[in-house]
Amino acid sequence: MILAAALLLSACSAAGALPTLAITPEQAVYRLGSGDQLKITVYGEERLSGTYPVNGEGKISFPLVEEIPAAGLSISEFEAILTKALGEGLLNNPNVVVEVTNYRPYYILGEVGKPGEYPFVDGLTIFSAVARAGGFSYRAAQKKVFIRHKMEKDEKLYSVDGSTPVQPGDTIRVPERVF
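What you see is a predicted model; the values in this text were computed from it and never measured.

Peer 1: Pulling in residues and values, what's your account of the pairing of strand β3 (residues 59–62)?
Peer 2: What you see with β3 is a clean split: I60 and F62 sit on the buried side and K59 and S61 on the side with no burial. The loop that links β3 with its antiparallel partner strand β4 (residues 66–69) comprises three residues; one of these, L64, has a positive phi angle of about 75°.

See the structure below:
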């Protein structure tokens, strides 16, 4: 009888364990997507330098080279493609620098003070995302959260800790606790 109770308790504690969300260094590299705003500087070519949005097709319309694919690329990969495109008979040794001026937003809903759309900032965690949304409501389950990443169709349940990362385009849902 004692053995059966011990087995039952250990099974319940194992079933209650939620996975934590951790990202690899490769996943941590920011990938461009529609909704991003880029500041592109072409040194010595002030008329080409400016702010350019990544459109709904994941491309940037850039003078002289028309549309350049950007979605899914890192900033350095996009920079290299643009530099190569400008160097193919258009400019001599172009020097291009690209930086993100406005990231895709993330969304938070459920048991928080102010659900909605919020601007992404580099290094964002679940705790800071919830704080921006007015904190947990009194009904919130504060130890778990559902996250659906932009390119995934299903949300996944994760344990909330101080290092749970948020990525641009994520939809975060804070569930109601069970009384």
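Peer 1: Mind laying out the packing of aromatic side chains, listing which residues take part and the relevant values?
Peer 2: The description of an aromatic ring pair rests on the distance of the ring centres and on the angle between the ring planes. Taken as a whole and judged by the stated rule, the model has five aromatic pairs. On the basis of an interplanar angle of 50° and a centroid distance of 4.9 Å, the ring pair of Y52 and F62 is categorised as tilted. Of this pair, Y52 sits in strand β2 (residues 50–53) while F62 sits in strand β3, and the two are ten residues apart along the sequence. Both residues of the pair, Y52 and F62, count as buried. In textbook terms, an aromatic cluster arises when at least three aromatic residues are bridged by ring pairs, as seen for Y30, Y103 and F120. Lying over the aromatic face of F146, R173 brings its terminal NZ or CZ to 4.1 Å of the ring centre.

Peer 1: Before we move on, could you go through the sheet that holds strand β9 (residues 156–159) and cite the residues and values that matter?
Peer 2: The strand order across the open sheet built from five strands is β7-β6-β10-β8-β9, with neighbouring strands paired in mixed fashion. Among the strands making up the open sheet, the edge pair consists of β7 (116–118) and β9. Here the average twist between neighbouring strands, direction ignored, is 30°. Where strand β8 (residues 144–148) meets strand β10 (residues 171–174), three bridges bridge the pair, whose relative direction is antiparallel. By the bridge assignment for β10, F146 is matched with R173.

Peer 1: How would you explain the sheet that holds strand β1 (residues 37–42) if you had to name every residue and give the values?
Peer 2: Here three strands make up an open sheet; going across it, the order is β2-β1-β5 and the pairing antiparallel. Looking at strand neighbours, the two that pair on one side only are β2 and β5 (96–102), the edges of this open sheet. This sheet shows a mean twist of 30° between the axes of neighbouring strands, independent of strand direction. In this structure, β1 lies alongside β2, joined through four bridges in antiparallel fashion. The partner of L38 across the bridge, within β2, is Y52. Contacts between helix α3 (residues 75–87) and the sheet are confined to β1 and β5, with β5 contributing the most and set at about 135° to the helix.

Basis of the calculations
- Residues numbered from 1 in each chain as written.
- Predicted model: local features only at pLDDT ≥ 70, side-chain atom pairs only at ≥ 80, totals over all residues.
- Heavy atoms only, no water.
- Buried < 20%, exposed > 50% of the residue type's maximum accessible area, 1.4 Å probe, protein only.
- Helix = DSSP H or I, 4+ residues; strand = E, 2+ residues; numbered from the N terminus.
- Pairing = 2+ DSSP bridges.
- Phe/Tyr/Trp six-rings, centres within 6.5 Å; stacked < 30°, edge-to-face > 60°.
- Lys NZ or Arg CZ within 6 Å of the ring centre and 35° of its normal.
- Axes fitted to C-alpha atoms, helices over the stretch in contact; angles between N-to-C directions.
- Contact = heavy atoms within 4.5 Å.

Limitation: the analysis is restricted to geometry and does not speak to function.
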